[in-house]
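Here is how the chains run, residue by residue.
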Amino acid sequence: MAFPPFFKYKKTYEDADDEAARHALFTTAQARVAELNKLNGKAGPAFGINWMSDRYEHEQYAKGLLKPKDFNATAEVRAYKGRSGAKKSVNWRYTEAVTPIKNQGQNVLGSCWAFSATEAIESQLVLASGGKLTIDLSPQHITSCTPSTGTYGCLGCNGGFTEGAYEYIKTVAGLANSFYIPYAQSLTASSTTEACPTDLVKQIDGPDQTLSGGFAAVADYHYATKPCTSGACEDQDLDALAAALEETPVSICVNAGAWNDYTGGVMTSAACGPMGAEYQDHCVMATGFNVTAPTPYWIVRNSWSSTWGEQGYIYLEMAKNTCGLADDATIPEVKLDMTDAELAEAAVRRELMYQRATIAL
């Protein structure tokens, strides 16, 4: 027997007026989902009724990309050669280079930028060390401590951008692990950004450094494709993004306006909407792509918990710059003190990870 959504999601309401208002939201969601699935075309349905279908906009999954309108992207655009003439499907989720899905919380907790940067640094730490260093790092550290002023200023839970996160981490000893500075924001209610634990941050490079546990030092960052900071962004170099993804997961920022209704499958560019820079509102991570599917797709990791979408992931149509995923694709560079022998061993282990990542999807 199929149960109505309010039974499936254990919904309760304050009173009859609240229930009536929520039912109106639910009815609107039904119509919106039907239209989105129509737009999704031959890729099939990708939208449906879910836990968010009776919630007001301010109660839904939070985003939080906030970049200065006049931001000048000065970091290097690095050209990746790719592994083969024809793209080969790759999914770094099959390896330790992608840590488990995280949860930034709902409502107005716009800390996606900090999660995206943290996840990208985690991946680079794993890849650079050949899998020897797998540490869950602290998005709270970035959220709370990235300065609010200057060219790269960010506003904590009120928004920020990945370049700002990297620039901050470059100024300190490194990004703390998530046990040392755990995520302290509420997952279910609006909350002000927690204050930066400055003493803990200083201790990462202090006399009791070993007690703070592992951390990741960031030297710099680069772009996987030429960034698009204005205009329609319809001509991004998708081959360059694919080539980078054959080597590593990539932090990306997107237009996630339709993502609250996503339930699984491939979201097309038509359903997602504009890919231009001005529509970017959320930062996540690309972890691979599948060219063998009926509708080839990019594999994208979100930070809205593992109960959202495809167990925390979303598949975006690969033929286009769907949701603007190639507008702002960054890769941080970690610093490791390794001998030549250790570097050689790491390269071998990294190649083995790549082989696992390219097992047929």
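Conventions we followed
Residues numbered from 1 in each chain as written. Predicted model: local features only at pLDDT ≥ 70, side-chain atom pairs only at ≥ 80, totals over all residues. Heavy atoms only, no water. Helix = DSSP H or I, 4+ residues; strand = E, 2+ residues; numbered from the N terminus. Rg over C-alpha atoms; globule rule 2.2 N^0.38 Å. Buried < 20%, exposed > 50% of the residue type's maximum accessible area, 1.4 Å probe, protein only. Areas by Shrake-Rupley, 256 points an atom, 1.4 Å probe, with all protein chains shown as cover. Lys, Arg positive; Asp, Glu negative; His and termini not counted. Charge placed at Lys NZ, Arg CZ, Asp CG, Glu CD. Phe/Tyr/Trp six-rings, centres within 6.5 Å; stacked < 30°, edge-to-face > 60°. Salt bridge = Lys/Arg side-chain N within 4 Å of Asp/Glu carboxyl O. Disulfide = S-S within 2.5 Å. Axes fitted to C-alpha atoms, helices over the stretch in contact; angles between N-to-C directions. Parallel < 35°, antiparallel > 145°, perpendicular 65-115°, else oblique. Contact = heavy atoms within 4.5 Å. Nonpolar A, V, L, I, M, F, W, Y, C, P; charged D, E, K, R; others polar. Core = buried A, V, L, I, M, F, W, Y, C linked by side-chain atoms within 4.5 Å. Expected span 1.5 Å × (residues − 1). Polar contact = N/O pair within 3.5 Å; in protein donor to acceptor, adjacent residues only side chain to side chain. Left-handed = near helix turned anticlockwise from the far one by under 90°.

Enquirer: Please explain the overall build of the chain as it appears in this structure.
Expert: Secondary structure assignment for the chain yields nine helices and nine strands. Over its C-alpha trace the chain gives a radius of gyration of 20 Å, about what one expects of a compact globule, namely 21 Å for 361 residues. C-alpha extents for the chain along the principal axes are approximately 65 × 50 × 45 Å. Residues counted as buried form 52% of the 361 residues belonging to the chain. Of the accessible surface of the chain, which amounts to about 16200 Å², a share of 53% is contributed by carbon and sulfur atoms. Of the charged side chains in the chain, 28 are positive and 41 negative; the average position of the first set lies 5 Å away from that of the second.

Enquirer: Help me understand the packing of aromatic side chains, please; the structure alone is not making it clear to me.
Expert: The geometry of an aromatic ring pair is captured by the separation of the ring centres together with the interplanar angle, meaning the angle of the planes. The tally for this structure, following the rule as stated, stands at 15 aromatic pairs. Their ring planes at 50 degrees and their centres at 6.4 Å tell us that W92 and Y354 sit as a pair that is tilted. Taken together, the positions of W92 in the loop between strand 1 (90–91) and helix 3 (112–128) and Y354 in helix 9 (residues 340–357) put the pair 262 residues apart, joining distant regions of the chain. Ring pairing ties together the aromatic residues W51, Y61, W259, Y262, W304 and W308, which thus form one cluster.

Enquirer: I'm lost on the pattern of salt bridges in this one. Help?
Expert: In a structure, side chains of opposite charge can pair up when their charged atoms sit close to one another. The final tally for this structure, using the stated rule, is 15 salt bridges. Here K170 makes a salt bridge to E167, at a shortest N to O gap of 3.3 Å. Residue classification places K170 among the partly exposed residues on the basis of a relative accessible area of 30%. Counted as one network, the salt bridges with shared partners bring together D18, R22 and E59.

Enquirer: Any chance you could explain the state of the cysteines here in plain terms?
Expert: As used here, a disulfide is simply a covalent bond connecting the sulfur atoms of two cysteines. One pass over the full model with this rule turns up four disulfides. One disulfide in the model links C145 with C196; its S-S distance is 2.0 Å. The sign of the S-S torsion, about 95 degrees, decides the handedness of the disulfide formed by C145 and C196: right-handed. Here C145, found in helix 4 (residues 139–145), pairs with C196, found in the loop between strand 2 (175–176) and helix 6 (198–203); they are 51 residues apart in sequence, far enough to count as distant. Here C196 falls in the partly exposed class, since its relative accessible area comes to 24%.

Enquirer: Could you clarify how one ought to interpret the packing of helix 3 against helix 9 in this entry?
Expert: Pairs of packed helices are described in terms of their axes, by the angle between the two and the distance that separates them. Their axes nearest at 8 Å, the elements helix 3 and helix 9 cross at an angle of 120 degrees. By the angle class used here, helix 3 and helix 9 are oblique. When helix 3 is examined against helix 9, the residues V126, L127 and A128 are found in contact with a partner set consisting of A346, R350 and M353. Among the residues forming the contact of helix 3 with helix 9, the class breakdown is five nonpolar, no polar and one charged.

Enquirer: Help me out: how do you make sense of the nonpolar core in this one?
Expert: Note on soluble globular proteins: their nonpolar side chains tend to be buried together. Ranked by size, the top nonpolar core spans 52 residues in total, and within it W259, M267 and W298 carry the most contacts. Those residues within four positions of W259 in sequence are excluded, and the remaining contacts are V254, M267, C272, H282, V284, V300, N302, W304, W308, I314, L316 and C323. In this structure, L65, C145, A165 and C283 belong to the second largest nonpolar core, which totals 34 residues.

Enquirer: Before we go on, may I ask you to explain helix 2 (residues 16–40) in this structure?
Expert: Quick reminder: α-helices carry 3.6 residues per turn. Residues three or four places apart thus point the same way. Compared with an ideal rise of 1.5 Å per residue, which puts 25 residues at 36 Å, helix 2 spans 36 Å between its outermost C-alpha atoms and is within 8% of the ideal. Here helix 2 has its buried residues at D18, R22, F26, A29, V33, L36, N37 and N40. Among the residues of helix 2, the N-terminal cap falls to D15, whose side-chain oxygen and the backbone nitrogen of D17 are separated by 3.1 Å. Positive backbone phi, approximately 60 degrees, marks G41, located one or two places after helix 2.

Enquirer: Would you mind going over the environment of T198 with me for this structure?
Expert: Within the secondary structure, T198 is located in helix 6. With relative accessibility at 43%, the residue T198 sits in the partly exposed group. Separated by 30 residues in the primary sequence, T198 and Y168 have C-alpha atoms spaced 13 Å apart.

Enquirer: How should the packing of helix 3 against helix 5 (residues 162–169) be read in this particular structure?
Expert: Remark: helix 3 packs on helix 5, axes separated minimally by 8 Å, with the N-to-C direction vectors making an angle of 60 degrees. When the axis of helix 3 is compared with that of helix 5, the two are oblique. Like other packed secondary-structure pairs, helix 3 and helix 5 cross with a definite hand, here right-handed. Contact with helix 3, carried on its side by W113, S116, A117, A120 and I121, involves T162, A165 and Y166 of helix 5 and no other residues of that element. Residues belonging to the contact of helix 3 with helix 5 are distributed by class as follows: six nonpolar, two polar and no charged.

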